[in-house]
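Structural description and commentary
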Amino acid sequence: MKVRLHKEVIIEPLLWRWHAWGLLVVPHTAALFLYKKLIPQLESFCRMPELHRKALDENELSGSSFVDLPVEKASEVSELLHKQLQNCSELKNLFQDIEALNKILINESNGSSLNKFYGKTPSSLKGCVEFFYDWLDSPQIRYIEPLLYELFDLEPYQELAISRPQVETRPFLLGTPRIGSEHLFLKVPFRNKGIDLLARSRTEAIDFEILCKELELQTEQIKQFREYFLQSDESSTCLPPSKELKVTYYGHACVLLENKGQAILIDPLVAYGHKSVTTKKDLTNIPDSIDYVLISHAHQDHLVIETLLQLRHKIGTIVLPRSQRGSTFDPCMKLMLEKIGFENVIYLDEFESIKNSAFKITSLPFFGEHADLMITSKASFLVEASDKKFLFAADSNNLSPELYKHLQKKYGNIETVFLGMECEGAPGSWLYGPLQAKQLPQELDQQRRLDGSNAEKASKLVDALGAKQVYVYAMGMEPWLSFMTGLSSGQETPQIKQSNLFESICLNKGIACERLYGSCEIAVKQDDYGEMII
């Protein structure tokens, strides 16, 4: 029997019933997040479910640590918590050993040789860590990540949650696990090629029995699984990439460029085809092949495992900024993606380029947005196509306007700039708190934020680049992705006010500027360059 997946069906990758995002797929960072954040949240909910419900009902705390579930779900959460504590004993030992090693290093290092610490390394980490001093003579740990993946296999805890909700909204991914009968949970490792066949079924009729076999479904799961499909013999509805230069915005920081039958997709975060949301393109509108996927940085709304898995069968090469590898804050994205089934993953260092017949892609520096931590896995991308230049600056904070003057001198004027303006940003602990060896005082934590440019900084950035048109994006405004960003999209938020001010500044200078929302096609023509088609 040939079937096709309903457009609005959500396929969410999970680990221990939590949404699978970058730092939860890496063993040592997963251990820290589980035992310093996620499990304590469940324990708190089980003790005081009414408090969690009241906090979420009375305040705009969607991006908080409160569990967004009804009070009557407390028994199910308690059962899930019990299973997590049972199944994660090895990761608990890893967590405890990381914490113990951090404490030993902080208390006992004095600038002398670090050799003595190898003998003091806890058992689970022996042979998996190297000690060194940085340029300020502060002691550091380098984790041998490939060994950690071998010693702590996370595949048994990977699964898919399949659902077809009436409205495409989900609880915040760092606050609430996925439970309930509205989901069909499938124990499927992320590298399983059956996921590619499942994703293909959105736009192409596939054999249902073969799909069930590939996903290794249990007999009792097949009946419910069948409900997510409609019977169809229709051939693929996906089109090849356009031969003409075409730019399409898919929401948040996701932009597709097509040219000469080639395609680039930047920071893929693509919506589902839910009927309740009409101002967006969805997974069924992606071309049938994507030559390059560019990832600007590893935050959960830019490195989106959920979308990447559903596009894996179309992707040629994933291009990443180089991470430090072995860092707690900046683990190896390339290794992580390879472990979950992506085969062609490459690094592009700063100022390095790759080129095909349609595009030239250059990786450029990206300052800010990472709470002043030593994180190198971040890049803005300059894409050149048909004599046009596009800079995708992601969440860059213009901390040093001289950088963009250097870029203009090196590459000439860059006509079109896409820039995020999440200028307030959460404190660094909101995302990185579980990874910190010691807690920052609140005053310092509030200063070290995950923020981008405000109106003044953004204006200096586009002036230095000689931009003719600017698109403000990655603002977290689309309601269908609030589960990932935890942001409020109200017009009175500082980031919206600043982007409004920036738009006015640009227009007064004769620079075309628009804040993007939902989805749109951006017409690129010689005679009316920059016309928006919504």
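Moving on to the overall build of the protein chain. Scanning the protein chain from terminus to terminus reveals 17 helices and 24 strands. Seen through its principal axes, the protein chain has C-alpha atoms that stretch 65 × 65 × 45 Å. Every one of the 534 residues in the protein chain was classed for burial, and the buried ones make up 58%. Here the contacts in the protein chain between residues at least 6 apart in sequence split such that 72% fall between residues at least 24 apart.

On to the sheet that holds strand 2 (residues 10-15). Taken in spatial order, the four strands make up an open sheet running 3-2-6-7, and their pairing is antiparallel. Each end of this open sheet is capped by a strand with a single partner; those strands are strand 3 (18-19) and strand 7 (184-186). Here strand 2 pairs with strand 3 via two bridges, running antiparallel. Bridge assignment links L14 to a residue of strand 3, and that residue is H19.

Axis separation between helix 1 (residues 27-47) and helix 4 (residues 89-108) bottoms out at 8 Å; the angle between their running directions is 90°. The orientation of helix 1 relative to helix 4 falls into the category roughly perpendicular. Facing helix 1, whose interface residues are P27, H28, A31, L32, L34, Y35 and K36, helix 4 presents S89, L91, K92, L94, F95, I98 and E99.

Turning our eyes to something else, we now look at the side chain of S499. Counting through the fold element by element, S499 comes out in helix 17 (residues 494-508). At a separation of 2.7 Å, a polar atom in the side chain of S499 contacts the side chain of R515. Excluding anything up to four places from it in sequence, S499 contacts M421, V472, M475 and R515.

Here the focus is empty space enclosed by the protein. Using the criterion set out here, one finds three cavities of 30 Å³ or more in the structure. Every element with two or more residues in the lining of the largest cavity is listed here: helix 11 (333-339) and helix 13 (429-432). Residues that form the lining of the largest cavity fall into these classes: 13 nonpolar, four polar and one charged. Taken as a whole, the second largest cavity encloses approximately 90 Å³ of empty space. In this structure, the second largest cavity is lined by 14 residues; those nearest its centre are R170, L269, V270, Y272 and E306. Sorting the residues of the lining of the second largest cavity by element identifies helix 10 (305-311) and helix 16 (482-485) as the ones contributing at least two each. Considering every element that reaches the lining of the second largest cavity, the biggest residue donor is helix 10, with three residues.

Right, let's talk about unusual backbone geometry for a bit. You will see that D372, though not glycine, has its phi angle at about 65°, which is positive. A relative accessible area of 63% means that D372 is categorised as exposed. Not every positive phi belongs to a glycine, and A474 is a case in point at roughly 55°. Note on A474: relative accessible area 5%, which makes it buried.

A separate point is the layout of surface pockets. Volume-wise, the largest pocket comes out at about 1200 Å³. Around the largest pocket, the lining is made up of 34 residues, and of these D134, S138, P139, Q140 and F329 lie nearest the centre. Secondary structure elements with two or more residues in the lining of the largest pocket: helix 1, helix 4 and strand 5 (139-143). By residue class, the composition of the lining of the largest pocket is 17 nonpolar, nine polar and eight charged.

The rules behind these values
- Residues numbered from 1 in each chain as written.
- Predicted model: local features only at pLDDT ≥ 70, side-chain atom pairs only at ≥ 80, totals over all residues.
- Heavy atoms only, no water.
- Helix = DSSP H or I, 4+ residues; strand = E, 2+ residues; numbered from the N terminus.
- Buried < 20%, exposed > 50% of the residue type's maximum accessible area, 1.4 Å probe, protein only.
- Contact = heavy atoms within 4.5 Å.
- Pairing = 2+ DSSP bridges.
- Axes fitted to C-alpha atoms, helices over the stretch in contact; angles between N-to-C directions.
- Parallel < 35°, antiparallel > 145°, perpendicular 65-115°, else oblique.
- Polar contact = N/O pair within 3.5 Å; in protein donor to acceptor, adjacent residues only side chain to side chain.
- 1 Å grid on protein atoms, 1.4 Å probe; cavity = no way out; pocket = protein on both sides within 12 Å on 5 of 7 lines; lining within 4 Å.
- Points joined across faces, edges and corners; volume = space filled by probe spheres on them.
- Nonpolar A, V, L, I, M, F, W, Y, C, P; charged D, E, K, R; others polar.

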